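So you can see what is in the structure, the chains are spelled out below.
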Number of protein chains: 2
Amino acid sequence: MKDAAALSTFRHLPPDKQERVLTAALEEFADKGYHQASLNKVVAQAGIAKGSIYQYFPNKEGLFSFLFQQALGAVRRTLTAVKEETLEQDLFSRLEKSLRAGVRFLREHPRIYNFYLKIQYDKNVPFREEFLAVIRRHAAEYFGSLVRRAKARGELRPGVPEDAVLFLLDAVFDRFLQATALSALDVTLGLHQAPPEIVDKRIREIIGLLREGLAA
Amino acid sequence: MKDAAALSTFRHLPPDKQERVLTAALEEFADKGYHQASLNKVVAQAGIAKGSIYQYFPNKEGLFSFLFQQALGAVRRTLTAVKEETLEQDLFSRLEKSLRAGVRFLREHPRIYNFYLKIQYDKNVPFREEFLAVIRRHAAEYFGSLVRRAKARGELRPGVPEDAVLFLLDAVFDRFLQATALSALDVTLGLHQAPPEIVDKRIREIIGLLREGLAA
DNA sequence: ATCTTTCATGACCACTTGGTCATAACACAA
DNA sequence: TTGTGTTATGACCAAGTGGTCATGAAAGAT
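Just so we're clear, the structure is a prediction, and the values are computed from it rather than from any experiment.

Undergrad: Is there a simple way to think about the protein's contact with DNA strand D in this case?
TA: Surrounding DNA strand D, one finds 19 residues, the nearest of these being Lys17(A), Gly51(A), Gln55(A), Tyr56(A) and Tyr54(B). Restricting the count to atoms of DNA strand D within 4 Å of the protein gives a sugar and phosphate share of 57%. Here a phosphate oxygen of DNA strand D sits 2.9 Å away from a polar atom, N or O, in the side chain of Tyr56(A). Take Lys60(B): an N or O atom from its main chain is 2.9 Å from a phosphate oxygen of DNA strand D. Counting only elements with at least two residues in the surface near DNA strand D, the list comes to helix 4 (50-56) of chain A together with helix 3 (39-46) and helix 4 (50-56) of chain B.

Laid out in C-alpha cells, this is it:
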C-alpha cells in the first residue's frame, strides 16, 4: 500500500477543492472501473487543469490507491460500530442489524460501494490482490467473531461446518447488497429503490430462512 | 438481439478458421470485458488481418453479440438436460445435482463463465440489459420450476416466502460458482482448484445448511 | 486465358488515453 | 519593487483504439 499518499501539494489545498477532486475521481472510478476511467473526465468534472491532477497524485494508480484507503476507512468505522452495538444480542438479531447497516451504508455511499464492486470483479485492477486481501480480512474477522460467539452460546445447530456457515453468510450478504445497489441483480426481491420497511421485511425473511432452513 | 448474426463471409469460412476467430475473441472478451478488450489483440491471436474481422462481423458490438448468442446456447443445453434428468427427485437432490452440473460446466467452459461475469458486473457493456434479461428469464424458469414442484410435493416448510427462497438459491448458487471460478472470491471454502470429491462435499454441506437451517 | 466474384491485407484515419513540461500566475517576504 | 517558492495551466507526446478502404490474391466459371 505504498502509493496511497497524496502529494504534499494536494494536502495543502483548500478542503473544498480537495473534495471536488476526490468526489469527481471516485465517481469516475465507481462508474467505469479502473482502466475505463478517464482522468480527462475527472479533471473536467473537478474543474481543474490536466496538469494539476499530477501535482496532487503521482499518477492514476496513486489516485486510485488513495481513494481505496479513504473508502476502507469509512467501511471500517461503520463495521466496528455495528459490531460493538450488537455485542450482547443473539446471532440472528446481529445478522439482521448488520445487513440493515450494510444497506444504510450503501445508500449513503453508493459510489464507495460501486467502487468496491469494480475492484472485486475486474481482474485487471492494480493492487487488486492487495486490496481484496484487506477487505477479506475485515469480513472474515467480522463474521468469524459473530459465528464463534454464537457457537459458544449454543445458538448454532451442533455439528454445522463453520466454513460453510461463513461462506453462506458471505454469499447471502454480498448478494443482498448487490441486489439493492444494482437493479440488474435485483430480480426476485424488488430491493433496488424500495423503502426501508420493505427492505427490513426482506431482511427478516432471508435471515429467517437461514435460521430455520427450507425443508418441511 | 439484432446484430447477432455473423456476416455471410464468416459463415462460408472453413470451420477451423471460424473456431480460431471465435476462440480468440471469446478469450479476449472473457479476460478484459467489452471495452477493455482489443480487436487488435483478437486478430493477432487468431492470425488474421485487421481488416478481415470486419468482413466477418459488422463491428465490435456485432462480434460480441454473436459470442453471447453462442454462449447462451451452450448454457441452455446443459440447463435443460439437468432439469429433465432430475425431474423425479426431491428438491435438495436436484439442487445438489444442479450445482454439480454448474461446476462441471464452468470447468469445461471457463471462458464462457468469465464472459458472463463480465456482462453481469460491467455497467457499460452494450446490450447488457437485454442479455441479462434473457439470462434472468432462464434462471427464474429453472429455479422457479424446481421450487414450485417442491412446494406441491410438500417438501418445503409451510409458509416460506417463495421470493425469498428464490433469492437465496440464486445468491448461493451464483456465489458458489464464482468462488470456484475466481480465486479472489474463494475465501472460505477452498474450491478454486479443488478435486471433485472436495467440491461435492462442500456442495452437500451448503445444501444441508439451506435445508435444515443454522439455528440450534 | 479471361472475366467475375469472393476473400485477405495492412497502411491509414480520427480519436482518446495517461503522462510531461515549459511557462505563467500567484502569494508572501524583504 | 524585486525576488522566491509554490501552484496552475494546457499544448504536446507516444501509444493504443475501432474502423475504413484501395489494392491484391484466389478461385471458379466460361
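What follows picks up the thread again.
Undergrad: Teacher, can you tell me more about helix 10 (residues 196-212) of chain B here?
TA: Along an α-helix, residues three or four apart share an orientation, since each turn contains 3.6 residues. In this model helix 10 of chain B runs 24 Å from its N-terminal to its C-terminal C-alpha over 17 residues, within 8% of the 24 Å that 1.5 Å per residue would give. Within two residues after helix 10 of chain B, Gly213(B) carries a phi angle of roughly 85°, on the positive side.

Undergrad: Explain the relation of the copies chain B and chain A to me, please; I cannot follow it from the model alone.
TA: Relating one copy of the chain to the other takes a rotation about an axis and a shift parallel to that axis. Rotating chain B by 180° and moving it 0.0 Å along the rotation axis overlays it on chain A with an RMSD of 0.0 Å. Seen this way, the second copy is the image of the first under a two-fold rotation axis. Closest to the rotation axis within chain B is the C-alpha of Gly213(B), separated from it by 1.7 Å. Both copies contact each other with a shared surface, as 100% of the interface residues of chain B are interface residues in chain A too.

Undergrad: Is there a simple way to explain the interface of chain B and chain A in this structure?
TA: At the junction of the two partners, chain B supplies 55 residues and chain A supplies 55 residues. Between chain B and chain A, roughly 5000 Å² of surface is buried when both sides are summed, and carbon and sulfur atoms account for 63% of that area. The largest per-residue losses of area from chain B upon contact with chain A belong to Tyr121(B), Phe167(B) and Leu214(B), which jointly make up 16% of the total buried on that side. Measuring nitrogen to oxygen at the nearest pair gives 3.2 Å for the salt bridge that ties Asp163(A) to Arg202(B). Run the count over chain B and chain A and you get 25 residue pairs in polar contact (both at pLDDT 80 or more).

Undergrad: Would you mind going over the pattern of salt bridges with me for this structure?
TA: Pairing is possible between side chains of opposite charge, provided their charged atoms come close. Within the structure shown, the criterion is met by 26 salt bridges over all chains. Between Arg153(B) and Glu155(B) there is a salt bridge, with its nearest N and O atoms 3.7 Å apart. Exposure remark for Arg153(B): the relative accessible area of 35% places this residue in the partly exposed category. Judged by relative accessible area, which is 18%, Glu155(B) ranks as buried. For Arg211(B), the salt bridge identified is with Glu212(B), shortest N-O distance 3.4 Å. Counted as one network, the salt bridges with shared partners bring together Glu88(A), Arg149(A), Arg153(A) and Glu155(A).

Undergrad: Explanation requested: unusual backbone geometry in the structure shown.
TA: Note: most residues except glycine have negative phi, and most peptide bonds are trans. All names here are of chain A. Its identity as a non-glycine residue notwithstanding, Phe127 has a phi of 65°, on the positive side. Considering the arrangement of structural elements, one finds Phe127 in the loop between helix 7 (110-121) and helix 8 (128-152). By relative accessible area, which is 22% here, Phe127 ends up partly exposed.

Undergrad: How should I be thinking about the nonpolar core in this particular structure?
TA: In a soluble, globular protein the nonpolar side chains are often hidden away together inside. Ranked by size, the top nonpolar core spans 128 residues in total, and within it Phe176(A), Phe115(B) and Phe176(B) carry the most contacts. Every residue in contact with Phe115(B), bar those within four places of it in the chain, is listed here: Leu26(B), Phe29(B), Ala30(B), Phe64(B), Leu67(B), Phe68(B) and Ala71(B). One finds Phe10(A), Ala25(A), Tyr56(A) and Phe66(A) within the second-largest nonpolar core, a separate group that totals 37 residues.

Undergrad: Just to check I follow, could you spell out the protein's contact with DNA strand C for this structure?
TA: The immediate surroundings of DNA strand C are formed by 19 residues, with Lys50(A), Lys17(B), Gly51(B), Gln55(B) and Tyr56(B) found nearest. In the interface set of DNA strand C, defined as its atoms within 4 Å of the protein, sugar plus phosphate atoms amount to 54%. Residue Ala37(A) places a main-chain N or O atom 2.8 Å away from a phosphate oxygen belonging to DNA strand C. For DNA strand C, a phosphate oxygen lies 2.9 Å from a polar atom in the backbone of Leu39(A). When residues of the surface near DNA strand C are traced back to their parent elements, those giving at least two are helix 3 (39-46) and helix 4 of chain A together with helix 4 of chain B. Examining the composition of the surface near DNA strand C, we find that five residues originate from one element, helix 4 of chain B, more than from any other. Its residues assigned to classes, the surface near DNA strand C comprises five nonpolar, nine polar and five charged.

Conventions we followed
- Residues numbered from 1 in each chain as written.
- Chains lettered and ligands numbered in written order.
- Predicted model: local features only at pLDDT ≥ 70, side-chain atom pairs only at ≥ 80, totals over all residues.
- Heavy atoms only, no water.
- Near = heavy atom within 4 Å.
- Polar contact = N/O pair within 3.5 Å; in protein donor to acceptor, adjacent residues only side chain to side chain.
- Helix = DSSP H or I, 4+ residues; strand = E, 2+ residues; numbered from the N terminus.
- Expected span 1.5 Å × (residues − 1).
- Least-squares fit on C-alpha atoms with pLDDT ≥ 70 in both.
- Contact = heavy atoms within 4.5 Å.
- Buried area = accessible area lost by both parts, 1.4 Å probe.
- Salt bridge = Lys/Arg side-chain N within 4 Å of Asp/Glu carboxyl O.
- Buried < 20%, exposed > 50% of the residue type's maximum accessible area, 1.4 Å probe, protein only.
- Core = buried A, V, L, I, M, F, W, Y, C linked by side-chain atoms within 4.5 Å.
- Nonpolar A, V, L, I, M, F, W, Y, C, P; charged D, E, K, R; others polar.

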